[in-house]
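Observations on chain architecture
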Amino acid sequence: MTCDDARTALLTAAVPPSEAAAHVAACATCGADAAACAAVARAFAADAEPAPRPALVARTLAAAAPLLAARRAPAVDWWRVAAAILVALVPLPLVLAADWWLLRTAHELLSSLLPPSLSLLVLGHYAALLLLLLTLTYAAVPLLAARPLRDHHA
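Presented here is an overview of the structure given in this document. (Residues numbered from 1 in each chain as written. Predicted model: local features only at pLDDT ≥ 70, side-chain atom pairs only at ≥ 80, totals over all residues. Heavy atoms only, no water.)

**Some points on the overall build of the chain**
Spelled out, the test is: Here a strand is any run of E in DSSP of at least two residues, a helix any run of H or I of at least four, and the numbering for each starts at the N terminus. Only the C-alpha atoms count toward the radius of gyration. The rule for a globule is 2.2 Å times the residue count to the power 0.38.
Of the regular secondary structure elements, the chain holds 7 helices and 0 strands. In the chain, the order of α-helices and β-strands from amino to carboxyl end is α-α-α-α-α-α-α. Expected size for 154 residues packed as a compact globule is a radius of gyration near 15 Å; at 36 Å, the chain overshoots this value by more than 25%. If one aligns the C-alpha atoms of the chain with their principal axes, the spans along those axes are about 100 × 50 × 20 Å.

Here it is as structure tokens:
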């Protein structure tokens, strides 16, 4: 334990008294300062914090009211996000059917022009690209649905 730690313990009783007492007994500087630290600690303990003036409390609460109201307001309207997701899911079967038809047509065309393994590779990459674009599109729906409310509160 350092001298600063011992003085802090004497002022605030943050450290168990046995550790502080052992250091004060062993250190001449802390032993000389122990009485002064005890007097300061008693003064701190005896001092009561002043009660705030009612006018100051009222002005502070009035100034903080808009910030507190914005903090309590929900950041996202979950019903709006759920409605946006449901609306976005409506055309999904049609989009999937169109993509399936496009992949089958492209497979028939490429199979007649290229070796089967190369046409499968090209179509596999194209299918992965379609899947990525579809995933990113549907992942953006909740973000875009919640965006105007977030901008409104900021």
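**Observations regarding the pattern of salt bridges**
Applicable threshold: For this document, the term salt bridge refers to a Lys or Arg side-chain nitrogen within 4 Å of an Asp or Glu carboxyl oxygen. Relative accessible area decides the class of each residue, using a 1.4 Å probe on protein chains only: under 20% of the type maximum gives buried, over 50% gives exposed, and in between gives partly exposed.
Counted according to the given criterion, the structure contains 2 salt bridges. Arg7 serves as the salt-bridge partner of Asp4, at 3.5 Å between the closest nitrogen and oxygen. One end of the pair is Asp4 and the other is Arg7, both in helix α1 (residues 3–12) and 3 residues apart, which spans about a single turn. Taking the relative accessible area as the measure of exposure, Arg7 reaches 23% and is therefore partly exposed. With a closest N to O distance of 3.1 Å, Asp33 and Arg7 form a salt bridge.

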